[in-house]
Amino acid sequence: PYFNPYSISKHAIIALTDGLWRDLKRAKSLVSCSVLIPGWVNTNFLHSALDPASSVQTERIHRIAELFHQGLSPEVVASCAISGVVDDRLYIFCVQ
């Protein structure tokens, strides 16, 4: 619960980009697109989304926050993204 809209939007972006990428290739366009799938990134994303007054913040939320903390640095993800775009990859996965 509580993450459904986020998950749905991620799937929609992947489907949209997949179709667009294929259409652009078929049209021999000089323009391309990619989907960056970085995994966990060490940012304050979850902390900024949480309401400190909410009682919904369970142990599960704190475990997820720890996964963010253990994730890749934003600098590593940026380097991965640039390399994926230069290589014209549809799906750009970043791994440790």
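Predicted model, so just to flag it, every value in this text is computed and none were measured.

Peer 1: Would you take a moment to explain the pattern of salt bridges for this structure?
Peer 2: Under the defined criterion, the tally for this structure stands at three salt bridges. In this structure, Asp18 and Arg22 form a salt bridge, with 2.9 Å as the shortest nitrogen-oxygen distance. Here Arg22 and Asp18 lie together in helix H1 (residues 4-26), a separation of four residues that amounts to about one turn. For Asp23, the salt bridge identified is with Arg26, shortest N-O distance 2.7 Å. Here Asp23 pairs with Arg26, and both are found in helix H1, just three residues apart, close to one helical turn. On the basis of relative accessible area, Asp23 is assigned to the partly exposed category, the value being 43%.

Peer 1: What's the story with the state of the cysteines in this structure? I'm lost.
Peer 2: Two cysteines, two sulfur atoms, one covalent bond between them: this is a disulfide. This model, assessed by the stated rule, comprises one disulfide. Covalently, Cys80 is tied to Cys94 through a disulfide, its sulfur atoms 2.2 Å apart. Residues Cys80 and Cys94 share a disulfide whose torsion about the S-S bond is about -105°; that sign makes it left-handed. With Cys80 in helix H4 (residues 74-86) and Cys94 in the segment after strand E2 (91-93), this pair connects stretches of sequence that are 14 residues apart. Taking relative accessible area as the criterion, Cys94 reaches 8% and is therefore assigned buried.

Peer 1: Looking at this structure, I do not really get H1. What am I missing?
Peer 2: For H1, which comprises 23 residues, the first-to-last C-alpha distance of 33 Å matches the rise-based estimate of 33 Å (1.5 Å per residue) to within 8%. Within the span of H1, buried status applies to Thr17, Asp18, Trp21 and Leu24. In this fold, the buried residues of H1 make contact with strand E1 (35-37) and E2. The first or second residue beyond H1 is Lys28, which carries a positive phi of 55°.

Conventions adopted
- Residues numbered from 1 in each chain as written.
- Predicted model: local features only at pLDDT ≥ 70, side-chain atom pairs only at ≥ 80, totals over all residues.
- Heavy atoms only, no water.
- Salt bridge = Lys/Arg side-chain N within 4 Å of Asp/Glu carboxyl O.
- Helix = DSSP H or I, 4+ residues; strand = E, 2+ residues; numbered from the N terminus.
- Buried < 20%, exposed > 50% of the residue type's maximum accessible area, 1.4 Å probe, protein only.
- Disulfide = S-S within 2.5 Å.
- Expected span 1.5 Å × (residues − 1).
- Contact = heavy atoms within 4.5 Å.

These figures come from the coordinates and say nothing about function on their own.
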